[in-house]
Amino acid sequence: MNDAGAGGRDRRRRKDKDAAVAVWKEKEVVDGKAVDAGVIILRTSGCSHFHSGGCSMCGYNIESDRSISEADIVKQFGDAMTRLGEVGMVKVYTSGSFLDEREMPAGASSHIVKECADRGARLLIESRPEYITGDSMSRMLAVHDDIELAIGLESANDKVLKHSINKGFTVADYDRAATLMKENGVDLRTYILLKPPFLTEKEAVEDAVATAEHAAPFSYSMSVNAVNVQKGTLVERLWKDWSYRPPWLWSVLEVAGRCAGLGPKLLCDPTGGGTQRGAHNCGECDQVILEGLKAFTSSQQTSRLAKPACSCGDMYSTLLELEGKIVGGTPDLNRFFRR
Ligand SMILES: [Zn+2]
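Scope of this entry: the structure provided in the associated data block.

Criteria and thresholds
Residues numbered from 1 in each chain as written. Predicted model: local features only at pLDDT ≥ 70, side-chain atom pairs only at ≥ 80, totals over all residues. Heavy atoms only, no water. Helix = DSSP H or I, 4+ residues; strand = E, 2+ residues; numbered from the N terminus. Buried < 20%, exposed > 50% of the residue type's maximum accessible area, 1.4 Å probe, protein only. Contact = heavy atoms within 4.5 Å. Areas by Shrake-Rupley, 256 points an atom, 1.4 Å probe, with all protein chains shown as cover. Lys, Arg positive; Asp, Glu negative; His and termini not counted. Charge placed at Lys NZ, Arg CZ, Asp CG, Glu CD. Donors = N, O, S within 2.8 Å, 3.2 Å for Na, K, Ca; no water. Tetrahedral: all angles 85-135°; square planar, octahedral: opposite > 155°, others 65-115°. Expected span 1.5 Å × (residues − 1). Core = buried A, V, L, I, M, F, W, Y, C linked by side-chain atoms within 4.5 Å. Phe/Tyr/Trp six-rings, centres within 6.5 Å; stacked < 30°, edge-to-face > 60°. Lys NZ or Arg CZ within 6 Å of the ring centre and 35° of its normal. Disulfide = S-S within 2.5 Å. Pairing = 2+ DSSP bridges. Right-handed = clockwise from strand over helix to strand, strands pointing away.

### Quick look at the overall build of the protein
Thinking step 1. A tally of helices and strands in the protein yields twelve helices and eight strands.
Thinking step 2. Principal-axis analysis of the C-alpha atoms gives the protein an extent of 65 × 45 × 35 Å.
Thinking step 3. The buried share among the 339 residues of the protein stands at 50%.
Thinking step 4. Restricting the contact set of the protein to residue pairs at least 6 apart, pairs at least 24 apart contribute 74%.
Thinking step 5. Counting every atom, the protein has about 16100 Å² of accessible surface; 50% of that belongs to carbon and sulfur.
Thinking step 6. Here the protein contributes 43 positively and 47 negatively charged side chains, and the mean placements of these two sets differ by 3 Å.

Structure representation (structure tokens):
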């Protein structure tokens, strides 16, 4: 291999293919103990669903490249692990599904699973439900038995999945995959989306709580993901058009408080919290709420959730009351969103 004569741009491109998008360390609680977790965002050929339309809020495929090979991914992972050093858990995110062999070639996925098994590190991966099969489960479990697999259910309401998110699967698809995982003893992390577009703030809170209630019996952990406005998405277009506002932090607090007792570990640490593109309040009370959410996420104690006395709380309560009436929403949630 010799690219000494290539232009700078080509050299950078070639280098990018075998370099992970991002790598960092964070704390994670596993079986009640805080461990160092390594996070690796791999550059892949992209999510299969993105290639056929994609989800309204997802901009992760901005980093994907269809020419990425198995060897590129193995190199990305190897370099990332060297940088991370000793970790008790490894979270490997692709832009789509770890179990989709078109996105993650079989050689690369088995290499990653084996490497984590050899190091005794718990592995967290993500997949759409259609790739979660008896075959894919048993192939992984033959190599490593400490795996947490995340599914982005987002909403347990098929109308929200179809019209607000364009998710491309149904609640029944999630239920099938989640049941299979339970039978195989694989821990499920369910992602719950807070405030998909076209829902009022109140509808969004009720939808997230209903989703958590649906997912709890299947899940080892649940992550409430407040929408953050990502580049190149439908949500971004709506946001720029004054037709979408990310959720209030009051809503994140409400969902955290109501879902904390459901059983599974609950993660509520909004990406981009306190910014215009992320979940935010008035600007005055954002930081104290965000710190409370972080403390709750690591301790699981609802007493750590901070509810500051801030005047924007009154505005928020009024908004919940009035928004549906003003923007032509549906005050009768059960009528519109009946499953
Ligand atoms: Zn405030």
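### Considering the coordination of the zinc ion
Thinking step 1. Donor atoms from the polypeptide that coordinate the zinc ion comprise Cys282 (SG), Cys285 (SG), Cys310 (SG) and Cys312 (SG), at 2.3 Å from the metal.
Thinking step 2. Classification of the site at the zinc ion rests on its four donor atoms, whose angles at the metal span 101 to 118°, yielding the label tetrahedral.
Thinking step 3. With a relative accessible area of 3%, cysteine 285 lands in the buried category.

### Here we look at helix 10 (residues 286–299)
Thinking step 1. Taking 1.5 Å as the rise per residue, helix 10 with 14 residues should run 20 Å; its terminal C-alpha atoms sit 20 Å apart, in good agreement.
Thinking step 2. Three or more residues of helix 10 are buried, namely Asp286, Ile289, Leu290, Gly292, Leu293, Ala295, Phe296 and Thr297.
Thinking step 3. Glutamine 300 occupies a position one or two residues after helix 10 and carries a positive phi of about 65°.

### Observations concerning the nonpolar core
Thinking step 1. With 84 residues, the main nonpolar core has Val90 and Leu293 as its most contacted residues.
Thinking step 2. At seven residues, the largest contribution of residues to this core is made by helix 9 (residues 249–259).
Thinking step 3. Leaving out residues up to four positions away in the same chain, valine 90 has contacts with Gly38, Ile40, Phe77, Met81, Cys116, Ala121, Arg122, Leu123 and Leu124.
Thinking step 4. Residues Val35, Ala37, Tyr93 and Ala150 belong to the second largest nonpolar core, which totals nine residues.

### Describing the packing of aromatic side chains
Thinking step 1. Per the stated rule, a full pass over the model turns up two aromatic pairs.
Thinking step 2. Both rings, one in tyrosine 174 and one in phenylalanine 218, keep their centres 5.7 Å apart while their planes meet at 90°; by these two values the pair is edge-to-face. With tyrosine 174 in helix 6 (residues 171–184) and phenylalanine 218 in the loop between helix 7 (201–215) and strand 7 (221–226), the pair connects residues that are 44 residues apart, well separated along the chain.
Thinking step 3. You can call tyrosine 174 buried: its relative accessible area is 0%.
Thinking step 4. Classification of phenylalanine 218 by relative accessible area gives partly exposed; the value is 21%.
Thinking step 5. The interplanar angle of 55° and the centroid separation of 6.0 Å between the aromatic rings of tryptophan 248 and tyrosine 316 together place this pair among those described as tilted. Residue tryptophan 248 is located in the loop between helix 8 (234–240) and helix 9, and its partner tyrosine 316 is located in helix 11 (residues 312–326); the two are separated by 68 residues in the primary sequence.
Thinking step 6. For tryptophan 248, a relative accessible area of 9% corresponds to the buried category.
Thinking step 7. Positioned over the ring face of tyrosine 220 is arginine 122, at 5.0 Å from the centre of the ring.
Thinking step 8. In this arrangement the basic side chain of lysine 195 is found over the ring face of tyrosine 244, its NZ or CZ atom lying 5.5 Å from the centre.

### What about the state of the cysteines?
Thinking step 1. Within this structure, the stated rule accounts for zero disulfides.
Thinking step 2. Unpaired in terms of disulfides, cysteine 268 finds its nearest cysteine sulfur in cysteine 259, a separation of 7.5 Å.
Thinking step 3. Given the relative accessible area of 0%, cysteine 268 is considered buried.

### Let's talk about the pairing of strand 5 (residues 147–154)
Thinking step 1. The buried fraction of strand 5 is high, at eight of eight residues.
Thinking step 2. Burial of strand 5 is two-sided: the residues Ile147, Leu149, Ile151 and Leu153 facing one way and the residues Glu148, Ala150, Gly152 and Glu154 facing the other way are all buried.
Thinking step 3. In this structure, strand 4 (residues 122–126) lies alongside strand 5, joined through four bridges in parallel fashion. If you follow isoleucine 125 over to strand 5, its bridge partner there is leucine 149.
Thinking step 4. Crossover handedness for the path strand 4 to helix 4 (residues 134–141) to strand 5: right-handed.
Thinking step 5. The pairing of strand 5 with strand 6 (residues 187–194) spans six bridges and is parallel. Note on strand 6: the bridge partner recorded for alanine 150 is arginine 189.

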